[in-house]
Amino acid sequence: MMYFILVLLGIYIMILLLRFAFTIAYYKRETGKMKNVSRENRLSLKEVTIFQPILSGDNYLKEKLSFIYNNKGEAELIWAVDNDDYEAEKIINEITGNNPNKNLHIVKCDKAPFYENPKVYKILLTEKLWKKYTVILDDDTIIDIKSLENIDKTLLETKIITGIPYYLQGRNIWESMVRVYVNSNSVYNYFTSAFLGRNKTINGMFYIFKSEKIISLGLYQKIKQKLCDDYEFAKISGENGIGIYQSVIPCKLNTGVENFRGFLRLMRRWHVFVNQYIKENLDISVVIFSIIPFVSGSLFLTAAFLYRYEIFFLYLGISILNYLAGRIFRKKIFGENDSIKDMVLEIVSEIVQIFYWFSALIKPDRIIWRGKSVRIKNGIIEVNSDGKKDKG
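Residues numbered from 1 in each chain as written. Predicted model: local features only at pLDDT ≥ 70, side-chain atom pairs only at ≥ 80, totals over all residues. Heavy atoms only, no water.

(A) Local environment of the overall build of the protein chain. When helices and strands are tallied, the protein chain shows 12 helices and 11 strands. For 392 residues, the compact-globule estimate of 2.2 N^0.38 gives 21 Å, and the C-alpha radius of gyration of the protein chain, at 21 Å, lies within 12% of that figure. Structurally, the protein chain occupies a C-alpha span of about 65 × 55 × 40 Å along its principal axes. Across the 392 residues in the protein chain, those meeting the buried criterion constitute 51%. The long-range share in the protein chain, meaning contacts at least 24 apart out of those at least 6 apart in sequence, stands at 81%. (Helix = DSSP H or I, 4+ residues; strand = E, 2+ residues; numbered from the N terminus. Rg over C-alpha atoms; globule rule 2.2 N^0.38 Å. Buried < 20%, exposed > 50% of the residue type's maximum accessible area, 1.4 Å probe, protein only. Contact = heavy atoms within 4.5 Å.)

(B) How the structure looks around the environment of Ala303. The topology assignment puts Ala303 in helix H10 (residues 284-306). As a C-alpha pair, Ala303 and Ile5 span 298 residues in sequence and 7.9 Å in three-dimensional space. Setting aside chain neighbours within four positions, we find Ala303 in contact with Ile5, Arg308 and Ile311.

(C) Structural detail: the packing of aromatic side chains. According to the stated counting rule, one finds 30 aromatic pairs in the structure shown. Arranged with centres 6.0 Å apart and planes meeting at 65 degrees, the rings of Phe312 and Phe313 form a pair that is edge-to-face. Here the aromatic rings of Phe355 and Phe358 are separated by 6.2 Å at their centres, their planes lie at 70 degrees, and the arrangement is edge-to-face. Separated by 3 residues within a single helix, Phe355 and Phe358 lie in helix H12 (residues 340-361), roughly one turn from each other. Of the residues examined, Phe355 reaches a relative accessible area of 51% and is grouped as exposed. Here a set of aromatic residues connected by ring pairs shows up, and it is made of Phe20, Tyr26, Tyr27, Tyr188, Phe191 and Phe329. Over the aromatic face of Tyr69 sits the side chain of Lys72, whose NZ or CZ is 4.1 Å from the ring centroid. (Phe/Tyr/Trp six-rings, centres within 6.5 Å; stacked < 30°, edge-to-face > 60°. Lys NZ or Arg CZ within 6 Å of the ring centre and 35° of its normal.)

(D) Structural view of the sheet that holds strand S1 (residues 48-54). With mixed pairing, the 8 strands of this open sheet are ordered in space as S3-S2-S1-S4-S7-S6-S8-S5. Two strands bound the open sheet, and with one partner strand each, they are strand S3 (104-109) and strand S5 (141-143). Within this sheet the neighbouring strands show an average axis-to-axis angle of 30 degrees, counted without direction. Sheet topology note: the S5/strand S8 (residues 243-253) ladder contains 3 bridges and is antiparallel. Residue pairing across strands places Thr141 opposite Leu253, the latter belonging to S8. (Pairing = 2+ DSSP bridges. Axes fitted to C-alpha atoms, helices over the stretch in contact; angles between N-to-C directions.)

(E) Examining the packing of helix H1 (residues 2-35) against helix H11 (residues 310-334) more closely. Contact geometry of H1 with H11 gives a least axis separation of 11 Å together with a crossing angle of 0 degrees. Regarding the angle of H1 to H11, the classification is roughly parallel. Taken together, the residues of H11 that come into contact with H1 (itself represented by Met2, Ile5, Leu6, Leu9, Tyr12, Ile13, Leu16, Arg19, Phe20, Thr23, Ile24 and Tyr27) are Ile311, Leu314, Tyr315, Ile318, Asn322, Ala325, Phe329, Lys332 and Ile333. Residues that form the contact of H1 with H11 fall into these classes: 17 nonpolar, 2 polar and 2 charged. (Parallel < 35°, antiparallel > 145°, perpendicular 65-115°, else oblique. Nonpolar A, V, L, I, M, F, W, Y, C, P; charged D, E, K, R; others polar.)

(F) Structural context of the confidence of the model for the protein chain. Averaged over every residue, the pLDDT of the protein chain is 91; residues scoring 70 or more account for 96%. Counting contacts from residues 385-392, a segment whose pLDDT is below 50, to residues more than four positions away or on other chains yields 18 contacts. (pLDDT = per-residue confidence, 0-100.)

(G) Representation of the environment of Ser184 in the model. With respect to the helices, strands and loops of the structure, Ser184 is situated in helix H5 (residues 173-195). On the basis of relative accessible area, Ser184 is assigned to the buried category, the value being 9%. Here the alpha-carbon distance between Ser184 and Gly326, two residues 142 residues apart in the chain, equals 7.2 Å. For Ser184, the contacting residues outside a window of four places in its chain are Arg330 and Glu346. A distance of 3.3 Å separates a polar side-chain atom of Ser184 from the backbone oxygen of Tyr181. Side-chain polar atoms of Ser184 contact the side chain of Asn185, separated by 3.5 Å. (Polar contact = N/O pair within 3.5 Å; in protein donor to acceptor, adjacent residues only side chain to side chain.)

(H) Highlighting helix H2 (residues 61-71). Every buried residue of H2 is accounted for by Leu61, Lys64, Leu65, Ser66, Ile68 and Tyr69. In the segment just after H2, Gly73 is the residue with positive phi, at about 60 degrees.

(I) Structural view of unusual backbone geometry. Of note, the phi angle at Asn98 is positive, near 60 degrees, even though the residue is not glycine. On the secondary structure map, Asn98 appears in the loop between helix H3 (86-96) and S3. Assessed through its relative accessible area of 58%, Asn98 is described here as exposed.

Set out below in structure tokens:
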């Protein structure tokens, strides 16, 4: 049995090395392409609308919106906010000094119907205001807006361009756990899939497309009842001949998580969507480069308990080396420093993340969303399961 486990460790190391090699190769290739885009093909911010659906309740909201507002340059900015979201209105007034720049449009909205995705609802209300190219940007996310000028706009004739996420330092242990979970997986998963030509979804925190094409096909109208809007938008775009281009443009964010309960609910909701993606896109590349690394931590820890403790120390050594390699790479892409605390939490996350997946297998058609327990079927917000508001 020990020999078999050592073979599995060897396979695991090979997968990590291949994934790292593919990620590096893709990053170098696409960085080179962006540097060599001709002047006439570069995107102009004068042609760009940045759309942000705004919802109060996150401690980072003012910080993130202020950054976008103060760095938008010649791009047009649309903030869509609910009529009764007085906290968001207060934050907007504090940012703008009650005197918004002329290229900021504040759109007041009625609250979205319960069975419609509120982000998509706000997008549909603002389509007529879009310029030639539209950026969809979450209100907890920042990007270097000048980096948009490095985009080859000829790609936008046939593709949606998406970015690569990085979570910034959080305020508590639960936000830090979200940070290491995303940061340890995002670059490898997105870039490896793109390198292999198997990228089937987008990073919903930030993406850009040619407005006329999306509006004429009525794509958002077709997904307004879909809960996982980023994957559903990527899927329906693909069905209409619009591909996905994975850029190397970083998008940085925070998500407020107050307690353990909130953390578990967030991870479970994400993994309900992950399971949907795997169900519809399972192939050998997903198994090798996503599923096997995902479950390895728990499996090797179990093997250490059942057979020999040395197995865990071997796995721990591999994980530390994997973290150090990822840390160097993340520093290069995002210009951010990870800490020793991140290393410890990343290893813990690798061991326990299989339990997030297990939790998503229990009643996979039900999640807590917008403060209520809802049932989803084929990605659609179908019914309110119990009619009761959630207390936490």
